[in-house]
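So the chains spell out like this:
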Number of protein chains: 2
Amino acid sequence: MTKVFFDVASSLDNFIAPEGMEMEHMNDPEYKQWGAQWGKLTSWLFKQKIFRENLRLGEGGETGMDNQLLEDTFSRTGVSVMGKRMFDAGEKSWPEDAPFHTPVFVITHLEREPWKRLGGTTFYFVNDGIDSALSQARKAAGSRDVRISGGANVIQQYLNAGLVDEFTVHYSPVFFGHGTPLFSGIRKDLNTKIKKAIPSSQVTHVSYEVVK
Amino acid sequence: MTKVFFDVASSLDNFIAPEGMEMEHMNDPEYKQWGAQWGKLTSWLFKQKIFRENLRLGEGGETGMDNQLLEDTFSRTGVSVMGKRMFDAGEKSWPEDAPFHTPVFVITHLEREPWKRLGGTTFYFVNDGIDSALSQARKAAGSRDVRISGGANVIQQYLNAGLVDEFTVHYSPVFFGHGTPLFSGIRKDLNTKIKKAIPSSQVTHVSYEVVK
């Protein structure tokens with residue numbers, strides 16, 4: 001049975017992106033020091049073997065428990081769903097063989113033909129909302145799961161629609177002060193329970209199940 | 001060497017109190033369902049032996065790892081510091097032998113004589129700000145530590161002033177949607193690292209160290 005999940009890194013103050021990390025400042029990581037802040041949130045990630053391989057960042061990398069968790073997430077993902085802004089940022093930074101290697105459904109108002117990349121990633125552009133995107137994603141996922149990749153607004157929409165089964169938050173020891181909140185306006189009647197918490201020296205991984 | 005710390009429970013969306021949980025609605029837990037939401041945040045706490053004993057909630061209670069953590073926190077605390085609103089709420093709800101059993105410094109604009117309770121708790125009312133309160137607290141703490149009890153605004157002031165050495169967040173699997181944010185406007189140059197993360201079935205305990 002296909003599950004719908006998301007898996008994100010959060011600052012201690014509930015941000016998934018620091019202030020200043022916007023499209024118009026992508027080439028200026030000094031702007032409000034967004035590059036340094038982003039680096040603190042994701043430093044553990046950039047050390048992991050599978051992450052380095054997927055983004056063509058170079059050989060080597062850690063192969064411990066943090067890496068294993070990322071591998072498990074990658075393996076279970078049959079399809080990703082993302083918002084337009086996340087796609088726009090990625091389009092500029094992913095390697096030619098984009099790091100998904102599955103179909104990806106992009107929720108957008110723009111009409112565009114499917115965009116096929118090397119290595120098995122094809123982006124499909126969905127113009128009729130989150131339900132339609134998820135329904136198409138489920139069909140394409142086969143026996144694997146559907147990952148809501150982000151951004152925060154798309155995650156919040158799926159959570160509040162009651163469409164998320166599980167989610168993982170990687171709590172990084174950094175404060176952003178301002179930025180894009182991960183959880184904002186989430187329904188308080190959404191019941192969750194802890195599925196698994198995994199301590200690590202760099203980040204705390206906690207998986208939750210949405211109780212339906 | 002006396003350490004300054006805080007230790008709080010947080011919802012997944014970074015709130016330490018649900019909307020509606022204000023002085024004027026203290027006797028109406030149905031208001032915006034604040035009572036039920038608060039209950040979800042703290043259900044693990046109310047089951048613990050030391051918490052039940054301290055608040056005179058009755059015999060028994062869990063004696064496992066969650067309880068041990070609370071006992072450790074209680075034992076290390078030589079003094080508590082809190083804001084006026086937290087005191088006002090507690091004044092109405094604490095038992096006659098208030099649950100601190102140490103000196104407590106209340107930051108307030110109101111002048112008031114020290115208020116001595118049964119069991120060793122004396123409340124001192126400090127009118128000249130957070131630095132003065134902490135300096136008095138350090139003197140009174142002896143070889144033990146100073147706990148910044150809350151509320152959120154007082155915690156944020158001490159964090160941003162660089163006066164906190166360590167803190168623990170207990171992440172409870174509940175969403176509040178709206179309420180009092182735990183971390184708001186925290187300085188992004190505050191460096192922290194994970195000291196210890198302890199998984200539990202009901203709540204995830206993570207302790208952080210502020211790197212100075």
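Up top is the structure these notes are about.
Residues numbered from 1 in each chain as written. Chains lettered and ligands numbered in written order. Predicted model: local features only at pLDDT ≥ 70, side-chain atom pairs only at ≥ 80, totals over all residues. Heavy atoms only, no water.

A. A look at the sheet that holds strand S8 (residues 166-171) of chain B. All names here are of chain B. Taken in spatial order, the nine strands of this open sheet run S5-S6-S4-S3-S7-S1-S8-S11-S10, and their pairing is mixed. Each end of this open sheet is capped by a strand with a single partner; those strands are strand S5 (115-116) and strand S10 (191-198). Across the sheet, helix H4 (residues 84-93) is in contact with strand S3 (77-83), strand S4 (103-107), S5, strand S6 (122-126) and strand S7 (145-150); its angle to S3 comes to roughly 105°. (Pairing = 2+ DSSP bridges. Helix = DSSP H or I, 4+ residues; strand = E, 2+ residues; numbered from the N terminus. Contact = heavy atoms within 4.5 Å. Axes fitted to C-alpha atoms, helices over the stretch in contact; angles between N-to-C directions.)

B. Molecular detail of the sheet that holds strand S4 (residues 103-107) of chain A. All names here are of chain A. Sheet architecture is open: nine strands sit in the order S5-S6-S4-S3-S7-S1-S8-S11-S10, paired in mixed fashion. Two strands bound the open sheet, and with one partner strand each, they are strand S5 (115-116) and strand S10 (191-198). Relative to strand S7 (residues 145-150), strand S3 (residues 77-83) is paired through five bridges, and the arrangement is parallel. Bridge pairing links Ser80 to Arg147 in S7. The strands that helix H3 (residues 65-76) touches are strand S1 (4-10), S3, S7, strand S8 (166-171), S10 and strand S11 (204-211); relative to S3, the one it contacts most, it runs at about 90°.

C. Just empty space enclosed by the protein, in detail. This model, assessed by the stated rule, comprises one cavity of 30 Å³ or more. Taken as a whole, the largest cavity spans an internal volume of roughly 80 Å³. Lining the largest cavity we find 15 residues, and of these Leu12 and Tyr171 of chain A together with Leu12, Asn14 and Tyr171 of chain B sit closest to its centre. (1 Å grid on protein atoms, 1.4 Å probe; cavity = no way out; pocket = protein on both sides within 12 Å on 5 of 7 lines; lining within 4 Å. Points joined across faces, edges and corners; volume = space filled by probe spheres on them.)

D. Structural detail: the environment of Glu91 of chain B. Residue and element names in this part refer to chain B. Within the fold, Glu91 resides in helix H4. Residue contacts for Glu91: discarding those within four places in its chain leaves Arg112 and Trp115. Within polar-contact distance, the side chain of Glu91 engages the side chain of Arg112 at 3.2 Å. (Polar contact = N/O pair within 3.5 Å; in protein donor to acceptor, adjacent residues only side chain to side chain.)

E. Structural context of the packing of aromatic side chains. Tallied over the full model, the rule gives 33 aromatic pairs over all chains. Relative to Phe183 of chain B, the ring of Phe175 of chain A lies with its centre 4.9 Å away and its plane at 70°, an arrangement referred to as edge-to-face. Pair noted here: Phe175 of chain A is in the loop between S8 and strand S9 (179-181) and Phe183 of chain B is in the loop between strand S9 (179-181) and S10, and the two residues belong to different chains. Of the residues examined, Phe175 of chain A reaches a relative accessible area of 0% and is grouped as buried. In textbook terms, an aromatic cluster arises when at least three aromatic residues are bridged by ring pairs, as seen for Phe87, Trp94, Phe100, Trp115, Phe123 and Phe125 of chain A. Stacked on the ring of Trp115 of chain A, the Lys or Arg Arg112 of chain A has its end atom at 5.1 Å from the ring centre. (Phe/Tyr/Trp six-rings, centres within 6.5 Å; stacked < 30°, edge-to-face > 60°. Buried < 20%, exposed > 50% of the residue type's maximum accessible area, 1.4 Å probe, protein only. Lys NZ or Arg CZ within 6 Å of the ring centre and 35° of its normal.)

F. Main features of the side chain of Ser10 of chain A. Relative to the assigned elements, Ser10 of chain A resides in strand S1. With residues up to four places along the chain from it excluded, the contact list for Ser10 of chain A reads Phe15, Leu41, Val169, His170, Tyr171, Ser172 and Leu182 of chain A.

G. Structural context of the environment of Gln68 of chain A. For Gln68 of chain A, the location among the structural elements is in helix H3. Taking the C-alpha atoms as reference points, Gln68 of chain A and Ile50 of chain A, separated by 18 residues in sequence, lie 8.5 Å from one another.

H. Local environment of the environment of Asp128 of chain B. Residue and element names in this part refer to chain B. By secondary structure assignment, the location of Asp128 is in the loop between S6 and helix H5 (129-141). A residue is classified by how much of its surface remains accessible, and Asp128, at 55% relative accessible area, is exposed. In the structure, Asp128 is positioned 20 residues away from Thr108 in sequence and 8.1 Å away in space, judged by C-alpha atoms. In terms of polar contacts, Asp128 uses its side chain to reach the side chain of Ser132, at 2.7 Å.

I. Structural detail: the relation of the copies chain A and chain B. In screw terms, the move from chain A to chain B is a rotation of 180° and a rise of 0.0 Å along the axis, fitting with an RMSD of 0.0 Å. Accordingly, the operation relating the two chain copies is best matched by a two-fold axis. Nearest to the rotation axis, the C-alpha of Asn14 of chain A is located 3.1 Å from it, this being the minimum over chain A. Both copies present the same face, since 100% of the interface residues in chain A are matched by interface residues at the equivalent positions in chain B. (Least-squares fit on C-alpha atoms with pLDDT ≥ 70 in both.)

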